[in-house]
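Summary of the model geometry
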Amino acid sequence: MSEPDPDELQQRLEKVLLGGRRRYTRLEVAEKTGVPEERARRLWRALGFATVNDDEVVFTDADVDVLKTADQLVNSGLVDPSMEVAVTRALGQHLSRLAEWQVLMLRQLITENPELAKSERQIARLVERLLPELERVQSFVWRRHLAAYAGRALVATDEEVEAGLQVVGFVDMVGYTRLTRQVDEAELSAVLDAFEMVTTEVIAEHHGRVVKMIGDEVLFVCDSPADAAEIALTLAERTAEDEELPAVRAGLASGRVLSRFGDVYGSVVNLAARLTSIARPGTILIDKELASALADDPAYEIRTRRPVSVRGYNRMRPSALRRAPDQPTGKFAESQEMAAEMLGIDPPPTRRGRRR
């Protein structure tokens, strides 16, 4: 079996992926689109690509078409000119990660099936067959997320949008650095896959949103204090039950959050991170705002901790979040109900938690 020629393979893949061969220099693209050369260069860098020399033939017809479309979006008023580069940068960052993962997935497929790599032409044909399927799936997921976010955002009042009140949570695997020194790459990958799977499942189930995975940590946001509490508690319980996963710790904070291009910013995010850093394994620390929001919920038990000082916060007073003790049963429960009836008062409330 002959080894594929790297240069020939690169040319074939580019033709498949870019919709044609490289034909234009940077200056020629600017001339064809009517977009000023400096602006086109800024957008190219914002996408995450290195600046090319004026005489390098790098661009294809697809590059020309997309730049024209981007210019039309700005001219139509859909994209604010002042936000053009920031929007482009966010798009490039998100899609570059997706592309990297997909190429590694393809590489693994070829490694496990060597007959697929008999020649560069065969590899190119494989990519050509897979590309429409990947595009179809990506388009479906994108449209589904559009539908989900649009359903909430487009019916919200201006006050609700401007308030930006959310719960921000970090959930962190304990002992991850030590783990990386003790296991090989395959085992570490399995742990990360398992952690990502359980976190995405639990967060989605309780109406939260994964903002990003940061190695051994997940950052999420939630509109409901109770849902955020359930996410953190359930993740602590699920990881404690799984012998393959390390224990986790979590920090939650509630307040005004700035959402920008899929990420979140502000003092609430910083506070949640600080709470996570001082939490012990298996524990969940929350700020006073969230503690106040959950104080009357019988599903939870909140215990105030002693003040601590962390970077940026002097004498921060966190609270520990736990599930409330189960309602007493049997003869003791019956005696409580009988006593309440004799005294003419309501029986103690049932504390069942929110296990789902």
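Please refer to the structure higher up on the page.
Right, let's talk about the pairing of strand 11 (residues 319-323) for a bit. Most of strand 11 is tucked away, with four of its five residues classed as buried. In this structure, strand 7 (residues 284-286) lies alongside strand 11, joined through two bridges in antiparallel fashion. Each residue of the ladder has a partner; that of Ile 286, found in strand 11, is Ser 319.

For the rest of this paragraph, the subject is the nonpolar core. Formed by 36 residues in total, the largest nonpolar core has its most connected members in Leu 252, Ile 284, Ile 286, Tyr 300 and Leu 321. At the level of elements, strand 1 (165-173), helix 8 (176-182), helix 9 (185-205), strand 3 (217-222), helix 10 (225-241), strand 4 (248-256), strand 7 and helix 12 (288-294) are the ones that each hand at least two residues to this core. The leading source of residues in this core is helix 10, at eight residues. Among the nonpolar cores identified, the runner-up in size contains 18 residues, and Phe 170, Val 221, Val 257 and Met 316 belong to it.

Look at helix 9: 30 Å from first C-alpha to last across 21 residues, which is about the 30 Å you get at 1.5 Å a residue. Residues of helix 9 that are buried sit in contact with strand 1, helix 8, strand 2 (209-214), strand 3, helix 10 and strand 4. Where helix 9 begins, the capping side chain belongs to Asp 184, and its oxygen is found 3.2 Å from the backbone nitrogen of Ala 186. Taken from the residues just after helix 9, His 207 is the one with a positive phi, measuring 65°.

Definitions and cut-offs
- Residues numbered from 1 in each chain as written.
- Predicted model: local features only at pLDDT ≥ 70, side-chain atom pairs only at ≥ 80, totals over all residues.
- Heavy atoms only, no water.
- Buried < 20%, exposed > 50% of the residue type's maximum accessible area, 1.4 Å probe, protein only.
- Helix = DSSP H or I, 4+ residues; strand = E, 2+ residues; numbered from the N terminus.
- Pairing = 2+ DSSP bridges.
- Core = buried A, V, L, I, M, F, W, Y, C linked by side-chain atoms within 4.5 Å.
- Expected span 1.5 Å × (residues − 1).
- Contact = heavy atoms within 4.5 Å.
- Polar contact = N/O pair within 3.5 Å; in protein donor to acceptor, adjacent residues only side chain to side chain.

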